[in-house]
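# Reading the structure
Listed below are the residues making up each chain.
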Amino acid sequence: MRTIQTAPSQAKVSESNRSRILHHLFRNGISSRAQISKALGLTPAAITKITARLLDAGIIEETGDIEGDKNRRSIGLRLDESLFHFIGVKFARSLVQIGVFDLAGTCIVLRDLPTVTNDTIPTTIRLVHARVTALIAADSRIVAVGMAVPGPYLRTIGRTVLVSSMRAWREVNFLSEFKHAFSVPVFIEQDARAGALANYLFDRGSSCANLAYYLIGEGVGLGVIDNGALVNGMMGAATELGHISIDIHGRPCECGNVGCLERYCSAVVIHEAIVSRDLVPDARQLGHAEACNALFQLADTGDARARLMVEEIGRYAGFGCVTIINGYNPERIVIGDIVAQGGQRLLHSIREIVDEHVTPALRDSTTIALSTLHSDAVVCGAAAVAIIYFLDHPSMFFDVSAASSSPDVPKRQHNQ
């Protein structure tokens, strides 16, 4: 059957070109119209028309004269990173964080909510509503909210279908709760994919278009960016690394599988092992992150049992890297969240497993590193989810349909 190709509408073409300009300025900083025209392959006339509307809407601004090609003076354009703020909300099992970030991913505010239990999830949801509403009311620069939730998250339905050890999270429909709850748009993504976006957008030192974010926290997750695009799957539940078996005769998992990676190196399982091995005093009274950090600190002091346990965790995590490399062939794997605090000792054990079990051609072309982001990659990544939508779809946030008198403050489009 012959497929009939339809041309994109003019509105879609215009939005695409606006987005390309914003992405260019986000990545490259101050640029002249001529430099943007050359980089994007658009005519000078088209650049002039599009940037005029972006300037009028208050999305970009002129910076004054800069040196252009052939020593000609040109007027620079830029995205003011401080002008737009984004809220990021991280939903882990027992931890919910809310942060405010600017366009560069710089954290302005970061707060932890009270520790969550199965019984307090409804209270936590109400508290998120109240805190986010208050932040938006207090800061006119906030243009969107991003949320990162545990996977496997079915984005069209709005539910996480499995949250090991915290079953009540499965009853929350994040779309129903939050999609139209605030005066600015809300965007929801699986937590590890949000972490991948954070590293893609804000780790300017790597500029890697093929990367994997390996989340090892209260759960184990994976976000993969392939040639600049997230790997999603049909329902948004792809790359669920935590429920890939590393032992077909192994420990049973709540998902129905056995030997799931999450049952060997998640912070929840590590906490259980710390208690059973009596490694940390009063570990039963600690939170998962506190128990893991106590273990890592103990290992750093030279405690033999603690060091052996960190190395054991690293070996299990290493088999996750083997799967990531063989399944997705990323250029870079970034390890983040609670267990990444195990540091170089953990990383050394991970690399040993990769060296033993991955073919040299793939192994040598893959960099494995701990996250270097200043903020937690998932809460920062939640904001990154919103930032991507802002850069991809500026007309969702501002009136760019036609030039008008320039406002002192950019017009914020509100959710209906």
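In short, a report on the structure.

Right, let's talk about the state of the cysteines for a bit. If you walk through the whole model with that rule in mind, you get zero disulfides. The cysteine Cys-260 is free of any disulfide, with Cys-255 supplying the nearest cysteine sulfur at 3.6 Å. Cys-260 gets classed as buried once you look at its relative accessible area, which sits at 0%. Unpaired in this structure, Cys-321 has its nearest cysteine sulfur neighbour in Cys-265, at a distance of 9.5 Å.

Take the packing of aromatic side chains next. Given two aromatic rings, their pairing is described by the distance between the two centres and the angle made by the two planes. Overall, the coordinates contain 14 aromatic pairs when judged by the stated rule. When the ring of Phe-84 is compared with that of Phe-398, the centres are 5.7 Å apart and the planes differ by 75 degrees; the resulting orientation is edge-to-face. On the criterion of sequence distance, the pair formed by Phe-84 in the loop between β3 (73–78) and β4 (85–91) and Phe-398 in the segment after α13 (377–392) is long-range, its members being 314 residues apart. For the pair formed by Phe-84 and Phe-398, the shared burial category is buried. Taking 6.2 Å as the distance between ring centres and 50 degrees as the angle between the ring planes, the aromatic pair formed by Phe-187 and Phe-397 counts as tilted. Here the residue Phe-187 occupies a position in strand β10 (residues 186–190), and Phe-397 occupies one in the segment after α13, the gap between them amounting to 210 residues. As far as the burial class goes, Phe-187 and Phe-397 line up, both buried.

Turning next to the environment of Asp-56. Tracing the sequence through the fold places Asp-56 in helix α3 (residues 44–57). Separated by 343 residues in sequence, Asp-56 and Asp-399 place their C-alpha atoms 9.1 Å apart.

Topologically, Thr-367 is positioned in strand β15 (residues 367–370). The partly exposed category is assigned to Thr-367, whose relative accessible area is 38%. Expressed as a C-alpha distance, the spacing of Thr-367 and Arg-332, which sit 35 residues apart in the sequence, is 4.6 Å. With residues near it in sequence (within four places) discarded, Thr-367 still touches Glu-331, Arg-332 and Ile-333.

Quick look at the sheet that holds strand β1 (residues 31–32) now. Spatially, β1-β3-β2 is the arrangement adopted by the three strands of the open sheet, whose pairing is antiparallel. The open sheet is flanked by β1 and β2 (61–67), the only strands paired with a single partner. Relative to β3, β1 runs antiparallel, the two sharing two bridges. Among the inter-strand pairings, Ser-31 is bridged to a residue of β3, identified as Leu-77.

What follows deals with the pattern of salt bridges. Pairing between side chains of opposite charge can happen when their charged atoms approach one another. The tally for this structure, following the rule as stated, stands at 14 salt bridges. The partner of Arg-170 in a salt bridge is Glu-254, and the shortest N-O contact between them spans 3.0 Å. Linking Arg-170 in the loop between β9 (159–160) and α5 (174–178) with Glu-254 in the loop between β13 (229–230) and α7 (262–265), this pair joins segments that are 84 residues apart in sequence. Owing to a relative accessible area of 16%, Arg-170 belongs among the buried residues under this scheme.

When you tally the buried positions in strand β12 (residues 220–226), you get six out of seven residues, the bulk of the element. By the bridge criterion, six bridges tie strand β11 (residues 211–216) to β12 in an arrangement that is antiparallel. In the strand pairing of β12, Tyr-214 is matched with Leu-222. Taking the residues that link successive antiparallel strands as the turn, the β11-β12 hairpin has three residues. Here β12 runs beside β13; their pairing, made up of two bridges, is antiparallel. Each bridged residue has a counterpart across the sheet, and for Asp-226 the counterpart in β13 is Ala-229.

The rules behind the values
Residues numbered from 1 in each chain as written. Predicted model: local features only at pLDDT ≥ 70, side-chain atom pairs only at ≥ 80, totals over all residues. Heavy atoms only, no water. Disulfide = S-S within 2.5 Å. Buried < 20%, exposed > 50% of the residue type's maximum accessible area, 1.4 Å probe, protein only. Phe/Tyr/Trp six-rings, centres within 6.5 Å; stacked < 30°, edge-to-face > 60°. Helix = DSSP H or I, 4+ residues; strand = E, 2+ residues; numbered from the N terminus. Contact = heavy atoms within 4.5 Å. Pairing = 2+ DSSP bridges. Salt bridge = Lys/Arg side-chain N within 4 Å of Asp/Glu carboxyl O.

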